[in-house]
Amino acid sequence: MRSLHAFAGGVHPLGNKNTDVLPSIHLHGFPEVELLMQQHIGPPCTCVVKPGDHVDVGTLVGRADKPMSVPIHSSISGTVKEVHYVVSANGAPVEAVRIESDFKHSINPFCRPPKIESFEDFIQMIRDSGLVGLGGAAFPTYIKLNPPKNKMPDTLIVNAAECEPYITADYRQICEHPDDIIDGIIEVMKWLEIPKTIIGVEDNKPLVTRIFSHELKKRVFKTGRHPDIEVRTLKTIYPQGAEKMLIYTLTGRKVPPGKLPIDVHTLVMNVSTLRFIGLYLKEGVPLTRKRMTLDGSALNTPGNFIVPIGARIQDIIAAAGGTREEPKKIIMGGAMMGVALDRIDHGIIKANNAILVFGSEETTLPPESPCIRCARCVASCPMDLIPCGIDKASRLRDPAMLEKYHVMDCIECGCCTYACPSKRFLTQSIKNGKVMVRAERARAKQEEALRASSEQKGGSAPS
Amino acid sequence: MKLQVSHSPHVRDKATTSSIMRDVIIALLPATFAGWYYFGVRAVFVTLLSIVSCIGFEYICRKIMKRNNTITDLSAAVTGLLLAMNLPVTIPFYMVIIGACFAIVVVKQMFGGIGNNFVNPAIAARIFLVIAFPKAMTSWTLHTGSWFSMKSVDAVSSATPLTMVGTKEAPSLWDLFIGNKAGCIGEVCILALLIGGLYLLIRHVIRPWIPAAYIGTFLILVLLFGHTNLLHAPSGDYTTLQAWTDLFYEACYMLCSGGLVLGAIFMATDYVTSPLTVKGKLLFGFGCGVLTFLIRYYGNMAEGVSFSIILMNILTPHIDDWTMGKPFGEVKENAKA
Ligand code: SF4
Ligand code: SF4
């Protein structure tokens, strides 16, 4: 069935899904991995290993002892070499554990399929597995699956849109493991008592729709009843996979600014996240490997690769076939929202789903020219903002004007920058604007507090 | 290994400022050629002079102000071409240069160059010329003499169709449509203008909101309040076919004469001086339509297009403020929070 709602805006970048027919390849034999102690949105984990310790695949390395944090497990077997601080790809200092491989791939003997008897068990199991949202957001899944009791979801939305150019990791996930995905969906529906699931697939991936329909038919055959899972095709447009856009196109519900999907009783999960739930229930090995797309004109053999978390980007590129020309730009994530790296010795984290290695033909940085008010940014903004106005306010460093233009509602999708004929760095300047507004809000709050306290102390303070 | 670091997104659309300007020039070509065909070789020279002087003034200005050179973005060429489209063929050459100077130096560069002018340079220059040289700007010729005539003074003067409405000499609708009439170089051939407009729409350079609202509003007003209008038929009532023909004849006549189509498609849609949102664009077009109607029917000028557009240009920042929508998902109850 097709979806009826369509959000305004969006852009049509070239799909460049060059790797969608290539089966994923497991990469092994990395000499070492570097595990960051913060791979999720939330406080970092506490490192529980020290140099010299032996670890197996699945051994706990970072303990999650604060709310919102998720444990981190070793992705290879070997010896801990170093616990030190490194600069992450986002530029923040974080603690990291360097593990040298013994090339044995021995799995921790304590990893076995979990037994789940209650909802609490389920949530604990999700947390222990180290799972975060694998679509890129890295939000702790156990928090998402444990909403406040007055806000239980009535619909589970499975994000199989994968609207970023180049990336085909979810696509391959679906082609290769549809059964695990459906298992994951059924588990989530069962424990959260969600009556209905909608899988959203862009209409440029008809195979995905067929695979899911076939898989669902198999279930009917096996269990005698059709699970309440529906596959719907969506228009191919970026950012169709953005949570708010996806919810609107599939259910007609709009998530208000500053609110979460759960506020409109919807749960959105990525296919890879669900597949991991299905797999973990069967095998009990925590999240230690990640499927990612490697693409870009500088690579010899683009494709999808399953790599241990923490593997260094340079090692992954080498193991995946190396480069055929000197890379000019390396992007962690997709072409629309990914981060361009200045070093490539970072260890990958759980939420990474692509590395793009651009050669000279894709690496262009056209100079900015003045805004001609063509309104393409306005027409392309899925959040119905006025990007050129925010850009102006941000460059004028005017927090009041930024607020007037609702700068905080921007989802940083990059559509406006993509569309701008003057090649202005709108998304970047909007991000700067958000920082200014946050600072201004904090300052106003502080002032307010100061005034309140001074009024309390001396009621007759001279005004 | 030296890696380029830049903010996302890392892919960009192909369109650039100069590719858009190039498309506008291409879209104006049919009307330009039609103008040359009807008005002869002098029109060719007026057009080229206007374009060359606009580019020249842009170059000199940027040099003097020690700013980067912007003639390659082609916006000065577009201004020059649009200005020529709005001039009568008989205009003395020095006036063309004065107009170009006013458009580029005063209206565009003194306000900061491309993107910062608050009125359309070509329209402002045309209005400036109309006020400064009213006679030269309102003497029209029909193409009667030799195609190669370069003289400006001995051309046969003629009234524009707008001043002839209802009279015996009024040209036929077909002549109005294909451009066989007196008027400015670029405004006569409606057919060519429509072809250009279609090209702009197909290439996504403009969107239909402004031209549609402009022309739509104007036509509705003419039908309701024109000389022969829906409320009052000259032949009594609307039971005869003739009465309906008269009604639509006037509407079509008004549409095809003067600079309405040129203005609606090429001048009112100027990015810099028109609103950003769809709502704003509709409002802008509506305003232009109302003003053009009022000036044509109740003002003492025959032509109201340039004045209407320039007035709405001035209102554009306010329209942008009024029509700024709510972000996606914003609902009434949490609009305040
Ligand atoms: S797309 Fe670029 S040039 Fe066009 S209005 Fe937006 S910022 Fe200005
Ligand atoms: S980056 Fe922000 S402003 Fe730009 S299109 Fe996306 S949501 Fe709109």
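Nothing here was measured: the structure is a model prediction, and the numbers come from that model.

Now for the layout of surface pockets. There is about 1,400 Å³ of room inside the second largest pocket. Every residue lining the second largest pocket is counted, 46 residues in all, and those nearest its centre are Tyr418 and Ala419 of chain A together with Asp13, Lys14 and Ala15 of chain B. Elements with a minimum of two residues in the lining of the second largest pocket: α9 (376-380) and α12 (415-419) of chain A together with α1 (17-39) of chain B. Residues from two domains meet in the lining of the second largest pocket; each of domain 1 (1-28 + 110-364) and domain 2 (376-456) of chain A gives at least three.

Residues and elements named next belong to chain A. Splitting chain A by domain gives domain 1 (1-28 + 110-364) and domain 2 (376-456). The centre of domain 1, based on its C-alpha atoms, is set 29 Å off from the matching centre of domain 2. The interface is formed by 16 residues belonging to domain 1 together with 14 residues belonging to domain 2. Summing the contributions of domain 1 and of domain 2, the shared interface buries around 970 Å²; its carbon and sulfur component is 70%. Between the two partners, domain 1 and domain 2, sit 0 salt bridges. Run the count over domain 1 and domain 2 and you get 2 residue pairs in polar contact (both at pLDDT 80 or more). Here the side of domain 1 that touches domain 2 is built from residues that sort into 12 nonpolar, 3 polar and 1 charged.

On to the sheet that holds strand β7 (residues 78-87) of chain A. Residues and elements named next belong to chain A. On the basis of which strands lie adjacent, the open sheet formed by 4 strands has the order β2-β8-β7-β4 and antiparallel pairing. Two strands in the sheet have a free side with no partner beyond their single neighbour: β2 (32-36) and β4 (54-55). In this sheet, strand β8 (residues 93-101) lies alongside β2 in antiparallel orientation, the contact comprising 5 bridges. Its bridge partner being in β8, Leu36 is matched across the sheet by Ala96.

Another point: empty space enclosed by the protein. Residues and elements named next belong to chain B. In the structure shown here, the tally under the stated rule is 5 cavities of 30 Å³ or more. Lining the largest cavity are 22 residues, and of these Met21, Val78, Leu82, Asp270 and Tyr271 lie nearest its centre. Breaking the lining of the largest cavity down by element, the ones donating at least two residues are α1, α3 (75-85) and α5 (121-132). Looking at the lining of the largest cavity element by element, the count peaks at 4 residues for α3. Along the lines of polarity and charge, the residues of the lining of the largest cavity split into 14 nonpolar, 6 polar and 2 charged.

Considering soluble globular proteins, one finds that nonpolar side chains tend to be buried as a cluster. Ranked by size, the top nonpolar core spans 91 residues in total, and within it Leu28, Leu87, Ile91, Tyr214, Phe266 and Ile309 of chain B carry the most contacts. Those residues in contact with Leu87 of chain B, other than ones at most four positions away along the chain, are Val46, Val96, Leu129, Met137, Cys184 and Ile185 of chain B. Cys47, Leu145, Tyr171 and Leu281 of chain A belong to the second-largest nonpolar core, a separate cluster that totals 59 residues.

Once that is clear, we can look at the side chain of Asp170 of chain A. Residue and element names in this part refer to chain A. With respect to the secondary-structure elements, Asp170 resides in helix α3 (residues 169-176). One buried charged side chain, Asp170, makes no salt bridge at all; its nearest oppositely charged neighbour is Lys290, positioned 6.7 Å away. Leaving out residues up to four positions away in the same chain, Asp170 has contacts with Glu162, Asn270, Val271 and Ser272.

Facing 60 residues of chain A, the contacting portion of chain B comprises 40 residues. The contact between chain A and chain B buries some 4,300 Å² in all, and 61% of this surface belongs to carbon and sulfur atoms. On the chain A side of the contact with chain B, Ile372, Arg373 and Arg376 of chain A bury the most area, a combined 17% of that side's loss. Viewed at the interface, chain B and chain A are joined by 2 salt bridges. Arg373 of chain A is the salt-bridge partner of Asp320 of chain B, the closest N and O atoms lying 2.9 Å from each other. Joining chain A to chain B, the criterion identifies 19 residue pairs in polar contact (both at pLDDT 80 or more). Contributions of two or more residues to the side of chain A that touches chain B are made by α6 (243-251), β15 (329-332), β16 (339-340), α9, α12 and α13 (426-457) of chain A. Residue composition of the side of chain A that touches chain B, by class: 36 nonpolar, 10 polar and 14 charged.

Taken together, 13 residues form the shell around ligand 2, and within it Cys381, Cys410, Cys413, Gly414 and Cys416 of chain A come nearest. Elements that contribute at least two residues to the shell around ligand 2 include exactly α12 and α13 of chain A.

All names here are of chain B. Taking 1.5 Å per residue as the helical rise, helix α4 (residues 93-108) with its 16 residues ought to reach 22 Å, and the 22 Å between its terminal C-alpha atoms agrees with that figure. Along α4, the largest kink reaches about 25° and is centred on Phe102. Taken residue by residue, α4 has Met95, Val96, Gly99, Ala100, Ala103, Ile104, Val107 and Lys108 as its buried positions. Turning to α4, the residues buried within the fold contact α2 (41-64), α3, α5 and α6 (134-137).

How each quantity is defined
- Along each chain, residue indices are assigned from 1 in the same order as the chain's sequence is written.
- As a convention, the first chain written is A and the first ligand written is 1, with the rest following in written order.
- Only residues with pLDDT of at least 70 are given local features in this predicted model, and only at 80 or more are side-chain atom pairs given and counted; all residues enter the totals for whole chains, interfaces and linings.
- Hydrogens and water molecules were not included; the side-chain quantities draw on all heavy atoms of the structure.
- With a 1 Å grid laid over protein atoms only, a set of points is called a cavity when a 1.4 Å probe fits there but cannot get out and a pocket when it is open yet has protein on both sides within 12 Å along at least five of seven lines; lining residues have an atom within 4 Å of a point.
- Grid points are joined across faces, edges and corners, and a volume is the space filled by probe spheres set on the points.
- Strands here mean DSSP runs of E at least two residues long; helices mean DSSP runs of H or I at least four residues long; both are numbered from the N terminus.
- Just so you know, the domain bounds were taken from an automatic or database domain assignment.
- Residue contacts follow a heavy-atom distance rule, with two residues in contact if any of their heavy atoms lie within 4.5 Å.
- In this description, buried area is defined as the sum, over both parts, of the accessible area (probe of 1.4 Å) that is lost when the two are combined.
- We count a salt bridge whenever a side-chain nitrogen from Lys or Arg sits within 4 Å of a carboxyl oxygen from Asp or Glu.
- Definition of a polar contact: a pair of N or O atoms within 3.5 Å, with one able to donate and the other able to accept a hydrogen when the atoms are protein atoms, and with sequence-neighbouring residues admitted only if both atoms are side-chain atoms.
- When residues are sorted by character, Ala, Val, Leu, Ile, Met, Phe, Trp, Tyr, Cys and Pro go into the nonpolar class, Asp, Glu, Lys and Arg into the charged class, and all the rest, Gly among them, into the polar class.
- Pairing between strands requires that DSSP locate at least two bridges from one strand to the other.
- Buried Ala, Val, Leu, Ile, Met, Phe, Trp, Tyr and Cys residues form a nonpolar core when they are joined through side-chain atoms within 4.5 Å.
- Three exposure classes are used, based on accessible area relative to the maximum for each residue type with a 1.4 Å probe and protein chains only: buried under 20%, partly exposed in between, and exposed over 50%.
- When charges are counted, neither His nor the chain ends are considered; positive counts come from Lys and Arg and negative counts from Asp and Glu.
- Distances are taken per atom, and a residue is near a molecule or strand as soon as one of its heavy atoms is within 4 Å of it.
- An expected span of 1.5 Å times one less than the residue number is assigned to each helix.
- Note on bend: the value at a residue is the angle between axes fitted to the seven residues ending there and to the seven starting there.

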